[in-house]
Amino acid sequence: MLHPILIAILSLGIVEGINPHKGLLFSSYFYSFKKRLESYLLPPVITTFYYLLGIIISLLVIIPHDPIFKLMLLNLVSASIIMKVICSSSNFLYYSGSMKPVLSNVIKWSLANSIIEMAPIEMIVANYLVNLGFIIFFLSNFVTREIAFYFCKNSVPRKLYLYNIQLMIEIPILILLLIGIILT
Amino acid sequence: MAIVPFKRDPTFYPSPKMAMKAPPEDLAYVACLYTGTGINRADFIAVVDVNPKSETYSKIVHKVELPYINDELHHFGWNACSSALCPNGKPNIERRFLIVPGLRSSRIYIIDTKPNPREPKIIKVIEPEEVKKVSGYSRLHTVHCGPDAIYISALGNEEGEGPGGILMLDHYSFEPLGKWEIDRGDQYLAYDFWWNLPNEVLVSSEWAVPNTIEDGLKLEHLKDRYGNRVHFWDLRKRKKLHSLTLGEENRMALELRPLHDPTKLMGFINMVVSLKDLSSSIWLWYYEDGKWNAEKVIEIPAEPLEGNLPEILKPFKAVPPLVTDIDISLDDKFLYLSLWGIGEVRQYDISNPFKPVLTGKVKLGGIFHRADHPAGYKLTGAPQMLEISRDGRRVYVTNSLYSTWDNQFYPEGLKGWMVKLNANPSGGLEIDKEFFVDFGEARSHQVRLSGGDASSDSYCYP
């Protein structure tokens, strides 16, 4: 069971890393405006702030593997999947914020949208399923962002824009993780 | 509001360079009006087939008839555009609805171009009373799809005086939200606006208040009642930052065209007429060393003429060029000008925006040229609204300015037409002999191309 769960956590981190609407565009944006250093700094910054609450909870709280907490986690993941479906299908639940290429704006954007989407749940689930799983998720996510940005710079491939990656890939992986929780 | 679950709108492009590779347009939506023609019919949006491979090429394939008369259709725009792909944009929105305001009535029509783009339908009408009640504005002009709402400029208040400004519509319900400005300073006159999204700068221009323009141009008003300034605003704080006067002698600061490359904080504007010598001029506005600047980069003189002049021009014995519209290709390489008085479309190379170089021109109608279409069609009026295709290869031209002004400058009658110009990517313009749309007694104003065009979308990437 461990291997499929590890693969799912890694995949989720990677897929969220290449999703242009989850921060990759910001690096490209800063790069266009000649803020080169910030553009390379943004992948870890976005990953950190997007999952900040999840990281803090994962570091401070050890969720016991007993039926009550399992049920709580199942409910949270289900709620997070519903939120992601709503967020990725409409524009109503979305924080846009300032357009200026300034680091503080990206931090605000990351925090606000991560809370709306209940993104920290992913970290908590990863940590619940695999010991220090949140680190695997965190690293795969920001390394993917950094590599993707290195290759894309100021021309993120059009195909990445064209498809709703969140609805097509991220949510199915989350459903797999949900099954993982049930089976563990 | 429609949901776009698996695929984003394919007409959105993150940068103007990428948008230039978009497939050519199939349809053009054209604002057509009977207001001012003496014909008591409602204005309409014409759907014109612009696909050369189609059997109905160059023909009107449908008319969206409006339910009221005397709206005076003028400018219109899309509910959403490429700005949705800004890094913090709303990617699920789609380009689907045309937002069509009446310049005279202040009524707003929401027209759905889906499911059949060849037969769009009106799905909502926002009555002028509602617009006035919520915003205090009237006489609606430019429409832009903004980052947080749909923005529409208004020439004046409920009484037809100033200040004019900008009102916002909800992106999803299209309900008027209210005035955009929080601190307008001394801004009173309004007309066009556009923005640079990454720098959060909005730019607005000045024509005159509705009570000054609606019954026609009165020469005695030119000195004091027409604007010559451009205003720079903080887009987020909705506060005016600075204003520039574009020549004390110039009047009517109309179309604002920022460069499409958002890393360049500059753009062009046309000054329609000079009180000194009737010339028209193009000004470049730009931000440099922490301050706003503007300088004249093109001046087009009036042409002397003795006979065959409309009453309003007889005292001058000359035809002013009347540059009433300008447009920039998506690669920011060419600036196009319409000379509604003389009867020309000009193309300038603006690779160096401070020193535009004339690279092409064609003659169409006009008080001075009176030039007919090369395919033999008689052209009344002259080139007015310009719209450039995303690839920059085609320029669509229509001929009506504003109903009461049309009647003054072209008293012999102005019948709507649409002409296509083929633009050479390395410079040069020619009239397409195969394309001509005759709108009959109706007059034609703004053109919007399916999938977007050079004045419909804003971009966050260069």
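Residues numbered from 1 in each chain as written. Chains lettered and ligands numbered in written order. Predicted model: local features only at pLDDT ≥ 70, side-chain atom pairs only at ≥ 80, totals over all residues. Heavy atoms only, no water.

(A) Summary view of the interface of chain B and chain A. With 33 residues of chain B at the interface, the matching set in chain A holds 29 residues. In this assembly, chain B and chain A are joined by 0 salt bridges. The interface formed by chain B and chain A holds 13 residue pairs in polar contact (both at pLDDT 80 or more) in total. Of the residues that constitute the side of chain B that touches chain A, the class distribution is 22 nonpolar, 5 polar and 6 charged. (Contact = heavy atoms within 4.5 Å. Salt bridge = Lys/Arg side-chain N within 4 Å of Asp/Glu carboxyl O. Polar contact = N/O pair within 3.5 Å; in protein donor to acceptor, adjacent residues only side chain to side chain. Nonpolar A, V, L, I, M, F, W, Y, C, P; charged D, E, K, R; others polar.)

(B) Broad picture of the sheet that holds strand β27 (residues 394-398) of chain B. Residue and element names in this part refer to chain B. Here 4 strands make up an open sheet; going across it, the order is β26-β27-β28-β29 and the pairing antiparallel. Single-partner strands in this sheet number two, and they are β26 (386-388) and β29 (429-438). Sheet twist, expressed as the average angle between the axes of neighbouring strands with direction ignored, equals 25 degrees. In the sheet, strand β28 (residues 417-423) pairs with β29 via 6 bridges, with the strands oriented antiparallel. (Pairing = 2+ DSSP bridges. Helix = DSSP H or I, 4+ residues; strand = E, 2+ residues; numbered from the N terminus. Axes fitted to C-alpha atoms, helices over the stretch in contact; angles between N-to-C directions.)

(C) The arrangement of the pairing of β27 of chain B in detail. All names here are of chain B. Within β27, 5 of the 5 residues are buried, which leaves the element mostly enclosed by the surrounding structure. Burial of β27 is two-sided: the residues Arg394, Tyr396 and Thr398 facing one way and the residues Val395 and Val397 facing the other way are all buried. Relative to β27, β26 is paired through 3 bridges, and the arrangement is antiparallel. What sits directly across from isoleucine 388, in β27, is valine 395. Connecting β26 to the antiparallel partner β27 that follows it, the hairpin turn spans 5 residues, and glycine 392 within it adopts a positive phi of roughly 80 degrees. Inspection of the sheet shows β27 paired to β28 by 5 bridges, in the antiparallel sense. For threonine 398, the partnering residue across the bridge sits in β28 and is methionine 418. (Buried < 20%, exposed > 50% of the residue type's maximum accessible area, 1.4 Å probe, protein only.)

(D) Structural view of the side chain of histidine 260 of chain B. In this structure, histidine 260 of chain B sits in the loop between β16 (250-258) and β17 (266-274). Only 3.3 Å separates the side chain of histidine 260 of chain B from the backbone oxygen of alanine 454 of chain B, close enough to count as a polar contact.

(E) Molecular detail of the confidence of the model for chain B. Confidence in the prediction for chain B averages 96 pLDDT; 99% of positions are at 70 or higher. The ipTM value of the predicted complex is 0.86, and its pTM value is 0.94. (pLDDT = per-residue confidence, 0-100.)

(F) Local environment of the packing of helix α3 (residues 36-50) of chain A against helix α6 (residues 103-116) of chain A. Residues and elements named next belong to chain A. As a packed pair, α3 and α6 sit with axes 9 Å apart at the nearest point and diverge in direction by 30 degrees. One way to sum up the angle between α3 and α6 is to call them roughly parallel. The chirality of how α3 crosses α6 is right-handed. For the pair formed by α3 and α6, the contact residues are Glu38, Leu42, Val45, Ile46, Phe49 and Tyr50 on the first element and Leu103, Val106, Ile107, Trp109, Ser110, Leu111, Asn113 and Ser114 on the second. In terms of residue class, the contact of α3 with α6 is made up of 10 nonpolar, 3 polar and 1 charged. (Parallel < 35°, antiparallel > 145°, perpendicular 65-115°, else oblique. Left-handed = near helix turned anticlockwise from the far one by under 90°.)

(G) Up close: unusual backbone geometry. All names here are of chain B. A cis amide bond links lysine 114 to the next residue, proline 115, at an omega of 5 degrees. Note that proline 115 resides in the loop between β6 (108-112) and β7 (121-126). Here glycine 162 and proline 163 are connected by a cis peptide whose omega angle stands at -5 degrees. Mapped onto the elements, proline 163 comes out in the loop between β9 (150-157) and β10 (165-169). With a phi angle near 70 degrees, serine 58 is a residue other than glycine that sits in the positive phi range. Positionally, serine 58 belongs in the loop between β2 (44-49) and β3 (60-65). In this structure, asparagine 308 takes a positive phi of about 60 degrees despite not being glycine. Along the chain, asparagine 308 falls in the loop between β20 (303-304) and β21 (318-319).

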